[in-house]
Amino acid sequence: MEYTDKINLENKRKLNELLKELPKFCNDFFRYLDTRNTSSRTRLAYAYDLRLFFQFLQQNNPVYQKKPMREIPIQVLDQLTPTDIEEYLAYLSFYETTAGTEQTNGEKGKSRKLSSLRTMYNYFFKKEFISTNAPSMIETPKKHKDNIIHLDKDEVADLITAAESGNSFTARQLTLHEKTKYRDTAILTLLLGTGIRVSELVGLDVGDVNFKYHSIRVIRKGGNESTVYFGEEVSAALMEYLELERETIAARALPEHANALFLSLKFSRLTTRAVEKLVKKYSDAAKINKKITPHKLRSTYGTNLYKETGDIYLVADALGHKSVETTRQHYAATDDERRQLAGKFSGSIFRNQDTGAPYQ
């Protein structure tokens, strides 16, 4: 069974457990989502969001406080007003989970949870199980555009050097580094050189790498298969890892992880959390004054590709975005830089092309 199949199976198992908690009428909604070819990850995210909504309802509505969530009737959706939905969004700003931990949501978190609620309401409204649609009357929380954090060329060089050399590490860290430096360098180079997601990276098997065509086979978010191409730097880093390091670890790998491209020292497939910690370790060692995550390495690739080509469609395809509009929104700041460059370029029309001096 492939890594993605295992992840999908685990997500479906978790969803089935959540459905035992959610109101009975939610079962129809999740069957509908399944027919829409949504990913197992998306359906699981919907389930978590909706469970939080019904927990809020139980905490704040005396009628349902003593009633098991599973027994909440569909009529409750008709009883809620837009004001109730606004109160829920306000609640999301800061609340305590059932485990006793404190949780917050910003604009992005609130927007996603409102979207989950809208999708559920829209389904039951169109099916005429309910006659009102309170979430549709609520404006999506305004999301402010953040500047894309990415590495410049010097920072990329510093990050790779930190992985190759282990400079600034303690003696204990250096001992560990000697066992994983080729793997870690290959991971950072692959993320920077292809822009793949960390979830796509940890899902790679050895057989997914094709050195003849300088490509890897990845399973994109949503389950689609894609071929991603890489350059000489990525090829060299991967080859060094495979020849000088991986075989030693793979010899003791657990059978179900034996095909994984990137293995941990526990002889199992590397996890997304482990890669996140790895990226932080080397960005700290390189003294990069930015909060760097695997996604920021993806942004670095996307930003550089867009600056080099100016082709937003190529960037969208390379990053595996389903909609070019998603790419356009992410790289709006880069568009501004390109427009500024165009403004500076236009000034050349007023200067003598031979001397560079302004026309008199």
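A quick note: this is a predicted structure, and the numbers were derived from the prediction, not measured.

Draft legend 1. A look at the overall build of the protein. If you tally the helices and strands in the protein, you get 16 helices and five strands. For the protein, the spread of C-alpha atoms along the principal axes amounts to about 75 × 75 × 40 Å. Here the contacts in the protein between residues at least 6 apart in sequence split such that 60% fall between residues at least 24 apart. Within the protein, one finds 54 positive and 47 negative side-chain charges whose respective centroids are separated by 4 Å.

Draft legend 2. Representation of the pairing of strand S4 (residues 215-219). Most of S4 is tucked away: four of the five residues are buried. For strand S3 (residues 209-210) and S4, the ladder comprises two bridges, and the chain directions are antiparallel. In the sheet register, Asn210 faces S4, and the bridge partner there is Ser215. Counted between consecutive antiparallel strands, the loop separating S3 from S4 contains four residues, among which His214 sits at a positive phi close to 50 degrees. Connecting the antiparallel pair S4 and strand S5 (residues 225-229) is a turn made up of five residues, with Gly222 showing a positive phi of about 105 degrees.

Draft legend 3. Local environment of the environment of Ser199. Structurally, the position occupied by Ser199 is in helix H10 (residues 198-202). Expressed as a C-alpha distance, the spacing of Ser199 and Arg220, which sit 21 residues apart in the sequence, is 8.7 Å. The contacts of Ser199, once residues within four sequence positions are left out, are Tyr3 and Thr272.

Draft legend 4. Representation of unusual backbone geometry in the model. You will see that Ser168, though not glycine, has its phi angle at about 75 degrees, which is positive. On the secondary structure map, Ser168 appears in the loop between helix H8 (153-165) and helix H9 (171-194). Residue Ser168 is classed as exposed on the basis of its relative accessible area of 51%.

Draft legend 5. Looking closely at the packing of H9 against helix H11 (residues 232-250). For the pair H9 and H11, interaxial distance at closest approach is 9 Å and the crossing angle is 155 degrees. Accordingly, the angle class assigned to the pair H9 and H11 is roughly antiparallel. Along this stretch, H9 crosses H11, giving a crossing that reads as left-handed. Taken together, the residues of H11 that come into contact with H9 (itself represented by Glu178, Lys179, Thr180, Lys181, Tyr182, Arg183, Thr185, Ala186, Thr189, Leu190 and Gly193) are Glu233, Val234, Ala237, Leu238, Glu240, Tyr241, Leu244 and Glu245. Classifying every residue of the contact of H9 with H11 by side-chain character gives eight nonpolar, four polar and seven charged.

Draft legend 6. Structural view of the pairing of S5. Here five bridges tie S4 to S5, and the two strands are oriented antiparallel to one another. Note that in S5 the partner of Ile216 across the bridge is Val228.

Draft legend 7. Representation of the packing of helix H6 (residues 82-91) against helix H7 (residues 107-126) within the structure. Here H6 crosses H7 at 145 degrees, and the two axes come no closer than 10 Å. In this structure, H6 crosses over H7, and the sense of that crossing is right-handed. The residues of H7 that touch H6, namely those facing Ile85, Tyr88 and Leu89, are Lys110, Lys113, Leu114 and Leu117. In terms of residue class, the contact of H6 with H7 is built from five nonpolar, no polar and two charged.

Draft legend 8. Here's a closer look at the packing of aromatic side chains. The full count for this structure, using the stated rule, is 16 aromatic pairs. Residues Phe53 and Tyr88 carry aromatic rings whose centres are separated by 5.1 Å and whose planes lie at 80 degrees to one another, so their mutual orientation is edge-to-face. Highlighted residues: Phe53 in helix H3 (residues 40-60) and Tyr88 in helix H6, separated in sequence by 35 residues. In this structure, Phe53 and Tyr88 share a single accessibility class: buried.

Draft legend 9. Here's a closer look at the environment of Arg220. Residue position: Arg220 is located in the loop between S4 and S5. Put simply, Arg220 and Arg197 are 23 residues apart on the chain and 8.3 Å apart in space, counted from C-alpha to C-alpha. Leave out the neighbours within four places in its chain, and Arg220 touches Ile196, Arg197, Glu200, Ser226, Val228, Arg298, Asp317, Ala318, Leu319 and Gly320. For Arg220, the side chain forms a polar contact with the main-chain oxygen of Ala318, separated by 2.9 Å.

Thresholds applied
Residues numbered from 1 in each chain as written. Predicted model: local features only at pLDDT ≥ 70, side-chain atom pairs only at ≥ 80, totals over all residues. Heavy atoms only, no water. Helix = DSSP H or I, 4+ residues; strand = E, 2+ residues; numbered from the N terminus. Contact = heavy atoms within 4.5 Å. Lys, Arg positive; Asp, Glu negative; His and termini not counted. Charge placed at Lys NZ, Arg CZ, Asp CG, Glu CD. Buried < 20%, exposed > 50% of the residue type's maximum accessible area, 1.4 Å probe, protein only. Pairing = 2+ DSSP bridges. Axes fitted to C-alpha atoms, helices over the stretch in contact; angles between N-to-C directions. Parallel < 35°, antiparallel > 145°, perpendicular 65-115°, else oblique. Left-handed = near helix turned anticlockwise from the far one by under 90°. Nonpolar A, V, L, I, M, F, W, Y, C, P; charged D, E, K, R; others polar. Phe/Tyr/Trp six-rings, centres within 6.5 Å; stacked < 30°, edge-to-face > 60°. Polar contact = N/O pair within 3.5 Å; in protein donor to acceptor, adjacent residues only side chain to side chain.

Geometry only, nothing functional implied.
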